[in-house]
Structure formats: C-alpha cells, structure tokens
Amino acid sequence: FALAHTQGRKFQRLPPWLVLFAGVGAAAIKNPLVSRVALAITLVAAAAANTHLQTLRARMRRKLDVSLRYAITAWVFALCALALAFTATWQPAAAIPAVACAVLGWLNITILGYGYKIIGFLIWEMAKTRWPSAVLPPLDSSLPEGLALVALSLLVLGTVGSGLALGIPLPQFERAASGIYAIGGCCAMLTFLRLVLTYARNPSSCATTPSSVSTTAASNHRSQ
C-alpha cells in the first residue's frame, strides 16, 4: 500500500525466517531458557527489519495515508508486545500486558488499517461494475480521514490504558480503558460505514458520463 519501488537485499529476507523458527522452537521445546532465547531472537529480528522504513522512504506519495499510519502504529505495538513477552520470562506479570499489546494494539489496529484500503477498493469496484458510466469519487477522498484518526487515537489510548491497568494491576482503570477502546472501535466502524455508503448508493455524479464530461470540459476550454 506504500506504492514504492524497492529492491530487497538478501539479508533482509532473514528476519521473517528467524521469527518463524524461533516461534516453532519455543512451541516445540517448552523450556523457559529456550523461550527466552526465542523471544530475544524474535525481538532483535523484528527491530532490525528495516525493510519497512526503506519502503516508506521510497514511497511515491509523500503523505502517509490513514492505512499506513495504522500500520506503523500497529508495528510499534508489536515491538512492545515482544519486549513485554521477553520481560515476562523474568516477571510473569508482564505477560498480560504483552497479550494486550499484541491483540488490541498489533492485530486489531493492523486489520482495521488495511481494511480501509481493502474494503474501500472492493466497494469501489462493485460501484463501478454497477454503474459503468459513473464518475466515482476517488477512494482517498472518500475515506473520512478525521474520523479514522480519532478512532486510531482512541484505540491507542485504550490499548495503553488496558496494558497498564492489567499489568500494575489497576482494576478501577481497566473498565475505563476498555470503554475508550470500545469507543475507538465504534468510530472505526462508522468510518467503514461512511466509506461504504459513499459507493453503495448511486452518487449524483453517476449521471455524468465520460462523453458529457469531455463535452463540458471542451466547452469550458472554448469559453476561456
């Protein structure tokens, strides 16, 4: 989704394999020392994987769209989850915050961020198939960016709050953090709804065919 032309190097293929083998080894050999080494390898491999940064630097569109902002935020939570899981090999209380960062911060935010692109593209394709002569609004301008960023902010606050409330622990703040996260999830669903409704109904511009657009543009040019 970054629309970048990059050429990967051989060593950049190593981190995913390190993560895979470390995870399989930790699952197969249930030993605290092995788990600690596997988590350390995974954390170093994930932190050293600079392919994402190179892709972002080489992107054709200089502005980071909403999906990429979600993806970057989720990647930060993934690193936090790994660091907390590694810490949990000494301090078991860090295991629950690690799960919160992994599920609430990494997986959910990643799915929502990429979902904006995927769902938007699919609904755009359906609208184009239904109204072939329609001039549909571009996908980037159809996504309510402000609402999506509000959702992201609430999801981040909810994840951080849940991790702190579960790790310290602070039961009195756990419900508030969960509520903030739930509100963020509702905002994300509203973002999806507004995106879908943009293309689910026949827009006013659908009555404008490409030929009429060309005629109008030609007349405007002559008048100028």
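Rules used in this analysis
The residue numbering used here restarts from 1 in each chain and proceeds along that chain's sequence as written. For a predicted model such as this one, the threshold for reporting local features is a pLDDT of at least 70, and the threshold for listing and counting side-chain atom pairs is 80 or more; totals across whole chains, interfaces and linings nevertheless cover every residue. Computation of side-chain values: all heavy atoms of the structure, hydrogens and water removed. Numbering of helices and strands runs from the N terminus, with a helix taken as a DSSP run of H or I at least four residues long and a strand as a DSSP run of E at least two residues long. The classification of residues rests on relative accessible area computed with a 1.4 Å probe and restricted to protein chains. Under 20% of the type maximum is buried, over 50% is exposed, and intermediate values are partly exposed. Should any heavy atoms of two residues lie within 4.5 Å, those residues are counted as being in contact. Per-residue and other accessible areas follow the Shrake-Rupley method at a 1.4 Å probe size, with only the shown protein chains counted as cover for residues. Helix axes are fitted only over the stretch in contact, all axes being lines through C-alpha atoms; the angle between N-to-C directions runs from 0 to 180 degrees. Comment on the angle field: the value is read as roughly parallel under 35 degrees, roughly antiparallel over 145, roughly perpendicular from 65 to 115, and oblique elsewhere. Each helix crossing is assigned a hand: it is left-handed if the near helix lies turned anticlockwise from the far helix by less than a right angle, otherwise right-handed if that turn is clockwise. Take a side-chain nitrogen of Lys or Arg and a carboxyl oxygen of Asp or Glu: if they are within 4 Å of each other, that pair is a salt bridge. Classification of ring pairs uses Phe, Tyr and Trp, with its six-membered ring standing for Trp, and accepts pairs whose centres are within 6.5 Å; under 30 degrees between planes counts as stacked, over 60 as edge-to-face, and the remaining range as tilted. In this scheme, Lys NZ or Arg CZ marks a charge over a ring once it lies within 6 Å of the ring centre and within 35 degrees of the ring normal. We define a polar contact as two N or O atoms separated by no more than 3.5 Å, with the added condition that, inside protein, one atom must be a possible hydrogen donor and the other a possible acceptor, whereas residues neighbouring each other in sequence contribute only through side-chain atom pairs.

Comments concerning the overall build of the protein
Here is step 1: In terms of helices and strands, the protein carries nine helices and zero strands.
Here is step 2: Shown N-terminal to C-terminal, the secondary structure of the protein runs as helices and strands in the order α-α-α-α-α-α-α-α-α.
Here is step 3: Across the 224 residues that make up the protein, the buried fraction comes to 29%.
Here is step 4: Restricting the contact set of the protein to residue pairs at least 6 apart, pairs at least 24 apart contribute 77%.
Here is step 5: Accessible surface, the protein: about 13,600 Å² in total, of which carbon and sulfur atoms supply 70%.

Brief notes about the packing of helix α7 (residues 145-167) against helix α8 (residues 171-200)
Here is step 1: Relative orientation of the contacting elements α7 and α8 amounts to 155 degrees, with a least axis distance of 7 Å. Viewed along their axes, α7 and α8 adopt a mutual orientation that is roughly antiparallel. Where α7 crosses over α8, the handedness of that crossing is left-handed.

With respect to the pattern of salt bridges
Here is step 1: Applying the stated rule across the entire model yields two salt bridges.
Here is step 2: Across the salt bridge formed by D65 and K117, the nearest N and O atoms sit 3.0 Å from each other. Of this pair, D65 sits in the loop between α3 (51-57) and α4 (66-87) while K117 sits in helix α5 (residues 95-130); the two residues are 52 residues apart in sequence, bridging distant segments of the chain. With respect to class, D65 is no different from K117; both count as buried.

A word on the packing of aromatic side chains
Here is step 1: With the rule as written, the count across this model stands at four aromatic pairs.
Here is step 2: Judged by centre distance (5.2 Å) and plane angle (85 degrees), the ring pair of Y70 and Y116 falls under edge-to-face. Linking Y70 in helix α4 with Y116 in helix α5, this pair joins segments that are 46 residues apart in sequence.
Here is step 3: What makes Y116 buried here is its relative accessible area of 2%.
Here is step 4: Aromatic pair F86 and W90: ring centres 5.1 Å apart, planes at 85 degrees, arrangement edge-to-face.
Here is step 5: Here F86 falls in the partly exposed class, since its relative accessible area comes to 22%.
Here is step 6: An aromatic cluster is present here, built from Y70, Y116 and F192 joined pairwise through their rings.
Here is step 7: Sitting above the plane of the W90 ring, R36 keeps its charged end 4.0 Å from the centroid.

A closer look at the side chain of S142
Here is step 1: Inspection of the secondary structure puts S142 in helix α6 (residues 139-142).
Here is step 2: Separated by 2.7 Å, the side chains of S142 and Y199 make a polar contact.
Here is step 3: For S142, the residues in contact, after removing those within four places along its chain, are P137, L195, T198 and Y199.

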